[in-house]
Amino acid sequence: MADPVVIDCSTPCTVTVVHDLALPPLQLDLADAGLVAGAILTVWATAYAFRVLIRALNVDRNESVNSED
């Protein structure tokens, strides 16, 4: 918690306090958010490509095993 700040005025005054919640990961501009989204989509696409490749290799192997019978 932040230390309290005491303001002493010799005459009547108005003090405005602004509390700003700043979370660095959420402070992205549009270009940076696009880069993050692109990186996530690239990882998903790579994982999908590996999944399709592994399935294709497994199907070929299963067909060759069954055709030998």
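This structure is a prediction, so every number in the text was calculated from the model and none was measured.

How each quantity is defined
Along every chain, residues carry numbers that run from 1 in the direction the sequence is written. The model is predicted, so local features are restricted to residues of pLDDT at least 70 and side-chain atom pairs to those at 80 or more, both for listing and for counting; the totals for chains, interfaces and linings are taken over all residues. Hydrogens and waters are ignored; side-chain quantities use all the structure's heavy atoms. Every helix listed is a DSSP run of H or I at least four residues long, and every strand listed is a run of E at least two residues long, numbered separately from the N terminus. Per-residue accessibility, obtained with a 1.4 Å probe over protein chains only, is compared with the maximum for each type, and a residue is labelled buried under 20%, exposed over 50%, and partly exposed between these values. Disulfides are defined as cysteine sulfur pairs within 2.5 Å. Patch definition: residues above 30% relative accessible area lacking any salt bridge, with like charges linked at up to 9 Å and the nonpolar side chains Val, Leu, Ile, Met, Phe, Trp and Tyr linked at up to 5 Å. The accessible surface values rely on the Shrake-Rupley method and a 1.4 Å probe; as for residues, cover is taken only from the protein chains in view. Take a side-chain nitrogen of Lys or Arg and a carboxyl oxygen of Asp or Glu: if they are within 4 Å of each other, that pair is a salt bridge.

When helices and strands are counted, the protein shows one helix and zero strands. By the burial criterion, 0% of the 69 residues in the protein qualify as buried.

A separate point is the state of the cysteines. Working definition of a disulfide: a covalent bond connecting the sulfur atoms of two cysteines. Scanning the model with the defined rule gives one disulfide in all. Across the disulfide from Cys9 sits Cys13; the S-S distance is 1.9 Å. Looking along the S-S bond of the Cys9-Cys13 disulfide, the torsion reads about 80 degrees, which is the right-handed sense.

Quick look at a nonpolar patch on the surface now. Judged by side-chain polarity, Val5, Ile7, Val15 and Val17 come together as a nonpolar surface patch covering roughly 390 Å² of accessible area. Secondary-structure assignment places Ile7 in the segment before α1 (30-67).

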